[in-house]
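Geometric and topological summary
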Amino acid sequence: MNSVLNTRTDLYGGASVENRTRFLLEVVEAAVRELGPGCVGVRLSPFGKFNGIPADPRTEETLLYVAERLGRLGVAYLHLVNELIPEANMEVAEFKSQHLDHALLAKVRAAFPGAIIWCGGFTDRKSARDALDTGLVDLIAFGSPYIANPDLVERLKHGWPLDEADRSTYYTRCGEVGYTDFPAYSLGRASRRVG
Ligand SMILES: Cc1cc2nc3c(=O)[nH]c(=O)nc-3n(C[C@H](O)[C@H](O)[C@H](O)COP(=O)(O)O)c2cc1C
């Protein structure tokens, strides 16, 4: 859907937003036909730069178009991922203009009638609660906090301290190390890894 990356010249590419979003919308339409409205969710990383994806000046236009169309298709939820890390040579103002901020979330909210899930950078109960209190999203999702806290829900419920995941162990061949070797707090070893 990225207008810079998508250089196709057929019905699935080029400058037109209809073409760039056609594949997603066709797949979702088929899934909804099969599973029923309210049973399909879509996750989008609008400003994602993972693996060198180029910045797209048309992200907002694309996101709002897709949100509106997915709403019409009866999609249950949109799961939106915050892009957290500015590129090395990026100005702060430039990063902020390419970020899933409150103003843009409000526009997505207006375009999409289903539930909105937001994730990326929510590190504790307070940051999640503050985001929910904006009223712009319905649910907060956690990724890396689950790695270091297998009992994350219990910890958030009880206000127990959270452990921090070890980024240096991501995407490595270290087996369970850094992924599944963090103990539950109830085992009384919250700040120490096993082994
Ligand atoms: C080790 C690791 C692997 C991930 N792999 C994927 C992936 O394959 N596809 C994807 O869409 N997101 C992936 N994510 C991103 C998460 O789904 C989620 O969006 C992100 O972790 C949320 O931010 P948070 O970790 O700050 O809560 C990964 C995250 C981590 C920590």
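A quick note: this is a predicted structure, and the numbers were derived from the prediction, not measured. (Residues numbered from 1 in each chain as written. Predicted model: local features only at pLDDT ≥ 70, side-chain atom pairs only at ≥ 80, totals over all residues. Heavy atoms only, no water.)

Some points on the overall build of the chain
- Counting secondary structure elements, the chain contains seven helices and four strands.
- Each helix and strand of the chain, ordered N terminal to C terminal, gives the series α-β-α-β-α-α-β-α-β-α-α.
- For the chain, the proportion of its 195 residues judged to be buried stands at 39%.
- Here the chain displays about 11500 Å² of accessible surface, and carbon together with sulfur accounts for 56% of that area. (Helix = DSSP H or I, 4+ residues; strand = E, 2+ residues; numbered from the N terminus. Buried < 20%, exposed > 50% of the residue type's maximum accessible area, 1.4 Å probe, protein only. Areas by Shrake-Rupley, 256 points an atom, 1.4 Å probe, with all protein chains shown as cover.)

With respect to unusual backbone geometry
- Positive phi values are uncommon outside glycine, yet Asn51 reaches one of about 55°.
- Note that Asn51 resides in the loop between β1 (41-44) and α2 (59-73).
- If you check the backbone angles, Tyr171 has positive phi at about 55° while not being a glycine.
- Residue position: Tyr171 is located in the segment after α7 (152-158).
- Take Tyr171: its relative accessible area is 70%, and that puts it in the exposed class.

Quick word on the pairing of strand β2 (residues 77-81)
- Extensive coverage of β2 is indicated by the burial of four of its five residues.
- Bridge count for β1 against β2 is four bridges, and the pairing is parallel. Within the sheet, the bridge partner assigned to Val42 lies in β2 and is Leu78.
- In this fold, β1 hands off to α2, which returns the chain to β2; that crossover is right-handed.
- Of the pairings in the sheet, the one linking β2 to strand β3 (residues 115-119) comprises five bridges and is parallel in character. Looking at β3, one finds that His79 is bridged to Ile117. (Pairing = 2+ DSSP bridges. Right-handed = clockwise from strand over helix to strand, strands pointing away.)

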